[in-house]
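Residue-level listing of the chains:
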Amino acid sequence: MRDIKKIILHCTATREGKDYSADTIRKWHMSEPRMWSDIGYHFVIRNDENGTIERGRPVEKKGAHTLGENSNSIGIAYVGGVDKDLKAKDTMTACQEESFLKLVESLRIVFGDLPVFGHNDFTNKKECPSFKVKKKFPQLGV
Ligand SMILES: [Zn+2]
């Protein structure tokens with residue numbers, strides 16, 4: 001097992017109100033221009049009525065989601081993150097929030113008390129996940 005030290009949250013940068021499956025996102029990531037070997041994220045939180053959590057790339061495998069941070073992190077993406085004009089917007093639904101918090105809790109049981117970051121904690125070129133994780137989820141203690 002690789003050494004996992006942190007969780008990084010992303011958005012899929014897809015329009016508010018739309019839902020996409022991990023399989024669809026996998027197809028995007030495996031085709032032009034990316035041509036990756038698999039979906040970049042380890043988990044996807046759907047924008048459906050339950051905030052369904054889907055597995056992406058197996059956690060044992062290094063993901064492709066945050067430049068310079070992939071080898072020791074788990075990447076989670078919630079579906080959404082932009083408004084109809086593709087401008088960054090916190091579109092996380094109550095169900096997605098609940099699923100995200102449950103997922104973090106489960107991962108912490110397995111991997112220890114991992115700190116949680118947003119993609120935008122590692123770059124100022126991206127707004128992803130369209131909010132500051134620290135501010136939105138103070139209960140995660142990061
Ligand atoms: Zn991101």
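Here, every reference points to the structure presented above.
Residues numbered from 1 in each chain as written. Predicted model: local features only at pLDDT ≥ 70, side-chain atom pairs only at ≥ 80, totals over all residues. Heavy atoms only, no water.

I'd love a proper account of the coordination of the zinc ion, names of residues and values included.
Angles at a metal have ideal values that depend on geometry: 109.5 degrees with four tetrahedral donors, 90 or 180 degrees with six octahedral donors. Distances from the zinc ion to its protein donors, namely His10 (ND1), His119 (ND1) and Cys128 (SG), fall within the range 2.0 to 2.3 Å. Sequence spacing among the residues donating to the zinc ion works out to H-x108-H-x8-C. Using a relative accessible area of 8% as the deciding quantity, one classes His119 as buried. (Donors = N, O, S within 2.8 Å, 3.2 Å for Na, K, Ca; no water. Buried < 20%, exposed > 50% of the residue type's maximum accessible area, 1.4 Å probe, protein only.)

Describe the packing of aromatic side chains, listing the residues and the values that go with them.
Within the structure shown, the criterion is met by five aromatic pairs. Ring plane angle 25 degrees and centroid distance 6.0 Å describe the contact between Tyr78 and Phe131, whose orientation is recorded as stacked. Remark: Phe131 occurs in the loop between β7 (116-118) and α3 (133-136) and Tyr78 occurs in strand β5 (residues 73-78); sequence separation between them is 53 residues. The residues Tyr78 and Phe131 share a single accessibility class, namely buried. Here the aromatic cluster, defined as three or more aromatic residues joined through ring pairs, consists of Tyr78, Phe100, Phe131 and Phe137. Positioned above the aromatic ring of Trp36, the side-chain terminus of Arg34 is 5.6 Å from the ring centre. One Lys or Arg, Lys136, reaches over the ring of Phe131 and ends 5.0 Å from the middle of that ring. (Phe/Tyr/Trp six-rings, centres within 6.5 Å; stacked < 30°, edge-to-face > 60°. Helix = DSSP H or I, 4+ residues; strand = E, 2+ residues; numbered from the N terminus. Lys NZ or Arg CZ within 6 Å of the ring centre and 35° of its normal.)

An account of helix α2 (residues 94-111) is needed here, citing residue identities and associated values.
The first and last C-alpha atoms of α2 sit 26 Å apart over 18 residues, in line with the 26 Å expected at 1.5 Å per residue. Tucked into the core, α2 has its buried residues touching β1 (6-11), β3 (43-45), β4 (53-55), β5 and β7. Positive phi shows up at Gly112, right after α2, with a value of about 90 degrees. (Expected span 1.5 Å × (residues − 1). Contact = heavy atoms within 4.5 Å.)

I'd like to hear about the sheet that holds β5, residue by residue, with values.
Taken in spatial order, the five strands make up an open sheet running β4-β3-β5-β1-β7, and their pairing is mixed. Two strands close off the open sheet at either side, each with one partner strand: β4 and β7. Ignoring strand direction, the axes of neighbouring strands in this sheet form an average angle of 25 degrees. Against the sheet, α2 contacts β1, β3, β4, β5 and β7, and its axis sits at roughly 165 degrees relative to β5. (Pairing = 2+ DSSP bridges. Axes fitted to C-alpha atoms, helices over the stretch in contact; angles between N-to-C directions.)

So, the pairing of β5: which residues are in play, and what are the values?
Within a regular beta strand, the side chains point alternately toward one face of the sheet and then the other, so they alternate between its two faces. When you tally the buried positions in β5, you get six out of six residues, the bulk of the element. Burial along β5 is two-sided: the residues Ser73, Gly75 and Ala77 and Ile74, Ile76 and Tyr78 are all buried. Relative to β5, β1 runs parallel, the two sharing six bridges. Of the residues in β5, the one forming a bridge with His10 is Ala77. The pairing of β3 with β5 spans three bridges and is classified as parallel. Residue pairing in the sheet places Ile45 in a bridge with Tyr78 of β5.

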